[in-house]
Amino acid sequence: MLDYKFIKDNLEAVKQNIKNRNMTADADIVVQLYDRRTELVTKLQGLQQKRNENAASMKQKLDAETRAKFIEAGKAIKEEIAAVEAEVGDVEAKLEEAARQIPNMVHPDAPVGKLDTENLEVKKVGTPRKFDFEPKDHVQLAEELDLLDFDRGTKVSGPKFYYLKNEAVFLEQALIQYALNTLRRHGFELFITPDVAKEEVLKGIGFNPRGNESNVYAIEEEGTCLVATAEITLGGYHSGEVLDKSKLPLLYGGLSHCFRREAGAAGQFSKGLYRVHQFDKVEMFVYSTPEQSDELHHKLREIEEEIFEGLGLPFHVVDTCTGDLGAPAYRKWDLEAWMPGRNGGEYGEVTSTSNCTDYQARRLNIKYKDDDGKNKYVHTLNGTAIAVGRAMLAIFENYQNADGSITIPPVLVPFCGFDKICPKKK
């Protein structure tokens with residue numbers, strides 16, 4: 001969340017930022033509650049001083065009548081303190097709840113817009129392939145090659161679940177190994193994270209664990225959820241801790257299953273592997289000082305570009321507009337790969353990377369001790385190394401051949417053990 005005093009001191013800018021993000025939040029009520037809490041804390045401090053003075057007065061030699069008056073006054077002060085403390089607690093709870101609705105501020109260079117169509121292209125790599133035959137989409141290719149089974153996935157688990165089969169099993173593991181080895185070369189510490197996280201961790205990261213708008217699966221009566229990304233588990237890893245500044249930045253890479261409800265995400269671009277309820281992903285997560293975070297954000301983007309250049313897939317990078325940013329993100333770049341089967345050929349998102357500044361760290365209480373001896377909030381960043389389903393989708397469609405086979409990108413062949421997926425002999 002944003003600092004309460006920052007909201008108060010920059011109220012109009014905060015309100016304009018909410019508007020630019022196309023979100024609904026009440027910054028005015030945050031300021032009102034913040035001022036009320038300040039008044040109550042001042043009042044409480046005055047009462048505590050009064051209580052101490054009353055207690056000190058009772059240490060003197062007093063006659064019975066005077067002592068009784070002090071005792072009575074002490075009881076009254078105690079009751080008043082309890083009442084004010086209760087009101088402080090109530091106001092603080094309301095203040096925190098209201099402040100959590102306020103999104104992070106946005107980088108001044110981020111394009112202002114409401115829809116993803118207003119994202120700004122900043123880089124293009126590779127040229128979309130021109131086919132000398134009619135290309136198929138990934139679902140048709142995968143079903144003909146017996147690599148995916150959506151029908152039985154639906155029968156067993158429900159819509160948007162699937163079985164991955166045969167060579168696709170090895171391709172998935174190859175993509176994961178490729179991503180993990182890339183991160184290892186860049187000095188990342190690697191994890192396989194839990195698939196479950198507490199609701200307070202999800203709230204801290206910026207996910208809504210409950211309600212119709214939630215994108216996560218809540219586990220009933222457990223106070224936990226299935227994770228939608230390893231960003232959640234890696235972000236919660238140091239919650240409530242003070243980190244050693246000399247160790248920053250911390251570069252973490254996490255492999256996890258990801259579970260997403262994808263409520264309201266129907267449509268032609270949700271077809272097949274593009275939007276499913278369960279997939280595997282290798283996620284990057286960074287803890288840094290404020291001075292390091294901008295440079296590290298560029299580093300995460302460069303790693304994503306390196307991974308997809310290595311796969312030989314055409315892509316472009318877009319600077320995400322204000323209305324398409326998640327609440328925690330200060331700035332976000334999306335890498336979109338060319339997908340020949342998407343509406344006759346279009347770019348589709350395969351990775352993103354966000355600098356969340358200290359927004360998540362405030363919610364999760366993650367600090368570092370600065371050179372001046374004061375504890376300050378770290379900055380957190382995240383980025384997708386590989387979301388396996390979408391990477392596989394792009395490989396199927398870009399590397400398909402006229403005979404229905406799929407060529408494996410050369411960087412993945414050592415992990416797969418084969419260089420082509422061919423139609424089964426009948």
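What this report covers is the structure whose coordinates are included nearby. (Residues numbered from 1 in each chain as written. Predicted model: local features only at pLDDT ≥ 70, side-chain atom pairs only at ≥ 80, totals over all residues. Heavy atoms only, no water.)

**Describing the packing of helix 3 (residues 27-57) against helix 4 (residues 64-99)**
Right, so step 1: Taken N-terminus to C-terminus, the directions of helix 3 and helix 4 make an angle of 160 degrees; their axes are 9 Å apart at the nearest point. Judged by the angle between their axes, helix 3 and helix 4 are roughly antiparallel. When you trace helix 3 past helix 4, the crossing you get is left-handed.
Right, so step 2: By residue class, the composition of the contact of helix 3 with helix 4 is 18 nonpolar, four polar and ten charged. (Axes fitted to C-alpha atoms, helices over the stretch in contact; angles between N-to-C directions. Helix = DSSP H or I, 4+ residues; strand = E, 2+ residues; numbered from the N terminus. Parallel < 35°, antiparallel > 145°, perpendicular 65-115°, else oblique. Left-handed = near helix turned anticlockwise from the far one by under 90°. Nonpolar A, V, L, I, M, F, W, Y, C, P; charged D, E, K, R; others polar.)

**Things to note about the sheet that holds strand 16 (residues 379-387)**
Right, so step 1: Spatially, the eight strands line up as an open sheet ordered 1-11-12-13-16-10-9-4, and their pairing is mixed. Whereas interior strands pair on both sides, the edge strands pair on one side only; in this sheet they are strand 1 (120-125) and strand 4 (189-192). Adjacent strand axes in the sheet meet at a mean angle of 25 degrees when their direction is disregarded.
Right, so step 2: Relative to strand 10 (residues 278-288), strand 9 (residues 250-259) runs antiparallel, the two being bridged by ten bridges. (Pairing = 2+ DSSP bridges.)

**Looking at the packing of aromatic side chains**
Right, so step 1: If you walk through the whole model with that rule in mind, you get ten aromatic pairs.
Right, so step 2: On the numbers, 5.8 Å between centres and 75 degrees between planes, the contact of Tyr 252 with Tyr 287 is edge-to-face. Here Tyr 287 lies in strand 10 and Tyr 252 lies in strand 9, a separation of 35 residues in the sequence.
Right, so step 3: Here Tyr 252 falls in the buried class, since its relative accessible area comes to 5%.
Right, so step 4: Taken together, a centroid distance of 5.1 Å and an interplanar angle of 75 degrees make the contact between Trp 338 and Tyr 347 edge-to-face.
Right, so step 5: Exposure remark for Trp 338: the relative accessible area of 17% places this residue in the buried category.
Right, so step 6: Joined through ring pairs, the aromatic side chains of Phe 191, Tyr 237, Tyr 252, Phe 285 and Tyr 287 make up one cluster.
Right, so step 7: A cation over an aromatic ring shows up here: Arg 301 above the ring of Trp 333, its NZ or CZ 4.8 Å from the ring centre. (Phe/Tyr/Trp six-rings, centres within 6.5 Å; stacked < 30°, edge-to-face > 60°. Buried < 20%, exposed > 50% of the residue type's maximum accessible area, 1.4 Å probe, protein only. Lys NZ or Arg CZ within 6 Å of the ring centre and 35° of its normal.)

**Here we look at helix 7 (residues 167-185)**
Right, so step 1: End to end, helix 7 covers 27 Å across 19 residues, agreeing with the expected 27 Å (1.5 Å per residue, within 8%).
Right, so step 2: Gly 187 occupies a position one or two residues after helix 7 and carries a positive phi of about 85 degrees. (Expected span 1.5 Å × (residues − 1).)

**Brief notes about unusual backbone geometry**
Right, so step 1: In this chain, Leu 248 is followed by Pro 249 through a cis amide linkage whose omega measures 5 degrees.
Right, so step 2: With respect to the helices and strands, the residue Pro 249 is situated in the loop between strand 8 (242-243) and strand 9.
Right, so step 3: If you check the backbone angles, Lys 160 has positive phi at about 70 degrees while not being a glycine.
Right, so step 4: By the secondary structure assignment, Lys 160 is in the loop between helix 6 (150-156) and strand 3 (163-164).

**As for the pairing of strand 9**
Every regular strand shows the same layout, with side chains that alternate between the two sheet faces.
Right, so step 1: The element strand 9 is extensively covered by neighbouring structure, given that nine of its ten residues are classed as buried.
Right, so step 2: The sheet contact formed by strand 4 and strand 9 spans four bridges and is parallel. Within the sheet, the bridge partner assigned to Phe 191 lies in strand 9 and is Gly 254.

**Regarding the sheet that holds strand 15 (residues 375-377)**
Right, so step 1: Strand order across the open sheet formed by three strands is 8-14-15, with mixed pairing between neighbours. The strands lining the two open edges of the sheet, one partner per strand, are strand 8 and strand 15.
Right, so step 2: As paired elements, strand 8 and strand 14 (residues 367-369) share two bridges and run parallel to each other. From the neighbouring strand, Val 242 faces strand 14, where its bridge partner is Lys 367.

**Brief notes about the nonpolar core**
Right, so step 1: Judged by nonpolar contacts, the single largest core of 59 residues is most densely connected at Leu 175, Phe 308, Leu 311, Ile 386, Phe 396 and Leu 412.
Right, so step 2: By residue number, the principal contributor to this core is helix 7, which donates nine residues.
Right, so step 3: Those residues within four positions of Leu 412 in sequence are excluded, and the remaining contacts are Leu 171, Ala 174, Leu 175, Tyr 178, Leu 311 and Ile 395.
Right, so step 4: Counting residues in hydrophobic clusters, the runner-up holds 26 residues, among them Ile 7, Ile 18, Ala 27 and Val 30. (Core = buried A, V, L, I, M, F, W, Y, C linked by side-chain atoms within 4.5 Å. Contact = heavy atoms within 4.5 Å.)

**A short note on the pattern of salt bridges**
Right, so step 1: In this structure the tally under the stated criterion is 28 salt bridges.
Right, so step 2: For Lys 15, the salt bridge identified is with Asp 28, shortest N-O distance 3.2 Å. Taken together, the positions of Lys 15 in helix 2 (residues 11-20) and Asp 28 in helix 3 put the pair 13 residues apart, joining distant regions of the chain.
Right, so step 3: Note on Lys 15: relative accessible area 30%, which makes it partly exposed.
Right, so step 4: Given the relative accessible area of 30%, Asp 28 is considered partly exposed.
Right, so step 5: With a closest N to O distance of 2.9 Å, Asp 334 and Lys 332 form a salt bridge. With respect to burial, Asp 334 and Lys 332 carry one shared label: buried. (Salt bridge = Lys/Arg side-chain N within 4 Å of Asp/Glu carboxyl O.)

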